[in-house]
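Structural overview
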Amino acid sequence: MAPVPDVLADLEWRGLVAQSTDRGALAAHLAGGPVTLYCGFDPTADSLHVGNLVPLFALRRFQLAGHRPVALAGGATGFIGDPSGRTSERSLLDADTLARRIRTLSAQMRHFLAFGEGPTDAVLADNLDWTRDLRVIDFLRDVGKHFPVNVMLDRESVAARLDSGGLSFTEFSYQLLQSLDFVELYRRFGCRLQVGGNDQWGNITAGLDLLRRVESASAHALTFPLVTDASGQKIGKSTGGGNVWIDPAMTSPYALYQYLLHVDDRDVGTYLRLLTFLGRDDVEQLDVATAQRPRERVAQRALARELTALVHGPAELARVEAVSATLFGGGELSSLDEDTLAAALAEAPSTTVGTSDAPLVDLLAAGLGLSKSDARRAIREGGAYLNNVRITDGNASTSAADWLHDRFLVLRRGKRAIAVVERVPHDGAGSRAAPPE
RNA sequence: GGCGGGUUGCCCGAGUGGUCAAAGGGAGCAGACUGUAAAUCUGCCGGCUCAGCCUACGAAGGUUCGAACCCUUCACCCGCCA
């Protein structure tokens, strides 16, 4: 990850620029020395997900190019709810949930940006800091006065909602809060560039206007495209529809790695550009590999390696690669020695049972989180496997010979979903164990 | 406040007293083909002690041998009128 001198050109090559204010002026601003820029992150969940990494990594790209990123946690804006991209009113979060989310959000952002006191060290801010004690009258006079309602109504995010049931005054006010953030960050850090997802364009330009009015300062804006994959899903949505989270307790490193390995050929180039720090030469070589030798999936492997390492670290990556090699390597599971197997399988989703043999349907249900009906169905359809061998008898139970090294059972549904069952001689049966951190 | 329309399984949506676990589409799952892709074809797609049973059609009551379908009340949504 060598520093990139011309960030703007790099971002453009990556497909990261959807809109910007005058490109020449922005380029000149960036060329004039370390620039302070910010991107806001509202606490909409208990963890960041893969899609959130696009703007976060973009901040990192600026930092690597010698600029100072400000990661702004939306302690205030998250309390209000952004109407952008929504068709209906958000339900309000309670203060405890919000505070908890802000804490985890901050911790996760800290993992990807270098924070500190130096000129290009990142800064973490929370907009609750300057809104908590703000008085309504002051807010209405100092901020509200600068917002013509007719302009506010024209903003895409508001107009869309007026056509679909309206929105509350609370959400209507969101753009004022976000604009105030820009002004505040300008005052505190001299921040004159805001970046964000393209759905933020309206909110960002509102901030530009306010900044010009109250500080007579000119500033810049740049937005990232909201990328959807070949099937129309937002980036970072698993096929089941759920988000792929950064928190290992919510999405295991193994699941993240597997998700990335399964990325569609048509999308993998985009993902490499947005979600890794690989340089242009490397990425373009991988593009060629995908076009010429798609079955090797070199690009998917590179993507999975890079991002898993960034999110969970190299040690975790090594473990996850080992499981994948063991489970999908095509070799005989029974030929692996116990230590190799134990180490590899420790990373896979696992379930612990007592010593006695049990019906396979029950084990499938418990191990893979299926209902028993689903487990029966999987066997009936020929989609269930024990130790890589198709299960044909829906009433079968395990027998002594099935336990690898007298300890493990590898269950699989279809090509992808795998669960390890380990039996533990001593304590109770049936308790589920989360994959170790 | 008045009048009218609506609320169906993950989503959209048909069904207007028995043959309804509920048409059709989407999403999802499995099999075949492959590359742990995509496309295509086939099957599946509430739960369970699975040839049967249980739970379900906004909620609660009621009518009936029998209700997603009829009646009453309540909740929420959408129109139109004040």
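Residues numbered from 1 in each chain as written. Chains lettered and ligands numbered in written order. Predicted model: local features only at pLDDT ≥ 70, side-chain atom pairs only at ≥ 80, totals over all residues. Heavy atoms only, no water.

**Re the nonpolar core**
Spelled out, the test is: Nonpolar cores are built from buried Ala, Val, Leu, Ile, Met, Phe, Trp, Tyr and Cys residues. Side-chain atoms within 4.5 Å join them into one set. Residue burial is assigned from relative accessible area. The probe radius is 1.4 Å, only protein chains are included, and a residue is buried under 20% of its type maximum, exposed over 50%, and partly exposed in between. Whether two residues touch is decided by their heavy atoms; if any such pair falls within 4.5 Å, the residues are in contact.
The biggest cluster of nonpolar side chains holds 73 residues, and the ones touching the most others in it are L53, L193, V195, L275 and L307. Leave out the neighbours within four places in its chain, and L53 touches A58, F112, I246, L275, L307 and V311. Counting 27 residues, the second largest nonpolar core, distinct from the first, contains V143, F172, L185 and L211.

**Digging into helix α10 (residues 174–189)**
Under the convention used in this document: In this description a helix means any DSSP run of H or I spanning at least four residues, a strand means any run of E spanning at least two, and both kinds are numbered starting from the N terminus. Expected span of a helix, by definition, is 1.5 Å for each gap between consecutive residues, and there is one gap fewer than residues.
With 16 residues, α10 ought to run about 22 Å at 1.5 Å a step, and its terminal C-alpha atoms sit 22 Å apart, in line with that. When α10 is considered as a whole, its buried residues turn out to be Y174, Q175, L176, L177, Q178, S179, L180, D181, F182, V183, E184 and L185. Where α10 terminates, the next one or two residues include G190, which has phi positive at roughly 70°.

**Looking at the pairing of strand β5 (residues 193–197)**
For a regular strand, side-chain orientation follows a simple rule: the groups alternate between the two sheet faces. Which entries qualify depends on this criterion: Following DSSP output, two strands are said to pair if at least two bridges run between them.
The element β5 is extensively covered by neighbouring structure, given that five of its five residues are classed as buried. Sheet topology places strand β2 (residues 36–41) next to β5; two bridges connect them, and they run parallel. In the sheet register, L37 faces β5, and the bridge partner there is L193. For β5 and strand β6 (residues 220–224), the ladder comprises five bridges, and the chain directions are parallel. Paired with G197 across the two strands is F224, which belongs to β6.

**Here we look at the pattern of salt bridges**
The condition is simple: Only one rule defines a salt bridge in this text: a Lys or Arg side-chain nitrogen within 4 Å of an Asp or Glu carboxyl oxygen.
Summed over the entire model, instances satisfying the criterion amount to 20 salt bridges. Among the salt bridges present, the one from R100 reaches D46, with a minimum N-O distance of 2.9 Å. Taken as a pair, R100 in helix α5 (residues 95–112) and D46 in the loop between β2 and α3 (53–64) lie far apart in primary sequence, 54 residues in all. A salt bridge links D287 to R273, with the shortest nitrogen-to-oxygen separation between them at 2.7 Å.

**Considerations on the sheet that holds β5**
Basically, it comes down to this: What counts as an axis is a line fitted to C-alpha atoms, over the stretch in contact for a helix, and the angles between N-to-C directions run from 0 to 180 degrees.
Sheet architecture is open: six strands sit in the order β1-β6-β5-β2-β3-β4, paired in mixed fashion. The open sheet terminates on both sides in strands that have one partner only, identified here as β1 (19–20) and β4 (123–126). Note: β2 against strand β3 (residues 68–73), six bridges, orientation parallel. When the bridges of β3 are listed, Y38 appears paired with V70. Where helix α2 (residues 23–31) meets the sheet, its contacts fall on β1, β5 and β6, and the angle it forms with β6 comes to roughly 105°. With respect to the sheet, α3 is in contact with β2, β3, β5 and β6, its orientation differing from that of β2 by roughly 165°.

**Quick look at the packing of helix α13 (residues 265–275) against helix α14 (residues 280–292)**
For clarity, the threshold we go by: Roughly parallel means an angle under 35 degrees; roughly antiparallel, over 145; roughly perpendicular, 65 to 115; everything else is oblique. Polarity classes work like this: nonpolar for Ala, Val, Leu, Ile, Met, Phe, Trp, Tyr, Cys and Pro, charged for Asp, Glu, Lys and Arg, and polar for all others, with Gly in that last group.
Interhelical geometry of α13 versus α14 gives an angle of 175° and a closest axis separation of 10 Å. Taken together, the axis directions place α13 and α14 in an arrangement best described as roughly antiparallel. Only V283, E284, L286, D287 and T290 of α14 make contact with α13, whose side of the interface consists of D265, V268, G269, L272 and R273. The residue inventory of the contact of α13 with α14, partitioned by class, reads four nonpolar, two polar and four charged.

**A word on the pairing of β6**
When you tally the buried positions in β6, you get five out of five residues, the bulk of the element. Burial along β6 is two-sided: H220, L222 and F224 facing one way and A221 and T223 facing the other are all buried. Examined bridge by bridge, β1 and β6 share two bridges and lie antiparallel to one another. Within β6, the position partnered with S20 by the bridge is L222.

**Quick word on the packing of aromatic side chains**
Under the convention used in this document: Stacked, edge-to-face and tilted are the three classes for Phe, Tyr and Trp ring pairs, Trp counted by its six-membered ring, which pair at centre distances within 6.5 Å; planes under 30 degrees apart are stacked, over 60 edge-to-face, the rest tilted. Whether a charge lies above a ring is judged from NZ of Lys or CZ of Arg, which has to be within 6 Å of the ring centre and within 35 degrees of the ring normal.
A complete count under the given rule lists three aromatic pairs for this structure. Taking 5.6 Å as the distance between ring centres and 70° as the angle between the ring planes, the aromatic pair formed by Y38 and F182 counts as edge-to-face. One end of the pair, Y38, is in strand β2; the other, F182, is in helix α10, and 144 residues separate them in sequence. Given a relative accessible area of 1%, Y38 falls into the buried group. With a relative accessible area of 0%, F182 lands in the buried category. By the ring-pair criterion, three or more aromatic residues cluster together here, those being F57, F112 and F277. In this structure, R61 packs its charged tip against the face of F277, placed 4.6 Å from the ring centre. Over the aromatic face of Y385 sits the side chain of R412, whose NZ or CZ is 4.2 Å from the ring centroid.

**Some words on the environment of F115**
Mapped onto the secondary structure, F115 falls in the loop between α5 and β4. Distance in space between the C-alpha atoms of F115 and A27 is 25 Å, their sequence separation being 88 residues. Sequence-distant contacts of F115, that is, excluding residues within four places in its chain, are made with M109, R110, D121, A122, V123 and L124.

**What about the protein's contact with RNA strand B?**
Applicable threshold: Definition of nearness: a residue and a molecule or strand are near each other if at least one heavy atom of the residue lies within 4 Å of the molecule or strand. In protein, a polar contact means a hydrogen-donor-capable atom and an acceptor-capable atom, both N or O and within 3.5 Å, with residues adjacent in sequence counting only if both atoms are side-chain atoms; elsewhere, any N or O pair within 3.5 Å suffices.
Close contacts around RNA strand B come from 28 residues, with H262, R295, S373, R376 and K415 the closest. Of everything in RNA strand B that lies within 4 Å of the protein, sugar and phosphate atoms constitute 64%. At 2.4 Å from a phosphate oxygen of RNA strand B is found a side-chain nitrogen or oxygen belonging to R295. At 3.1 Å from a phosphate oxygen of RNA strand B is found a side-chain nitrogen or oxygen belonging to R416. Every element with two or more residues in the surface near RNA strand B is listed here: α12 (253–261), α13, α16 (314–328) and α19 (372–380). When residues in the surface near RNA strand B are grouped by element, the largest group, five residues, is from α19. Residue classes in the surface near RNA strand B are distributed as four nonpolar, 10 polar and 14 charged.

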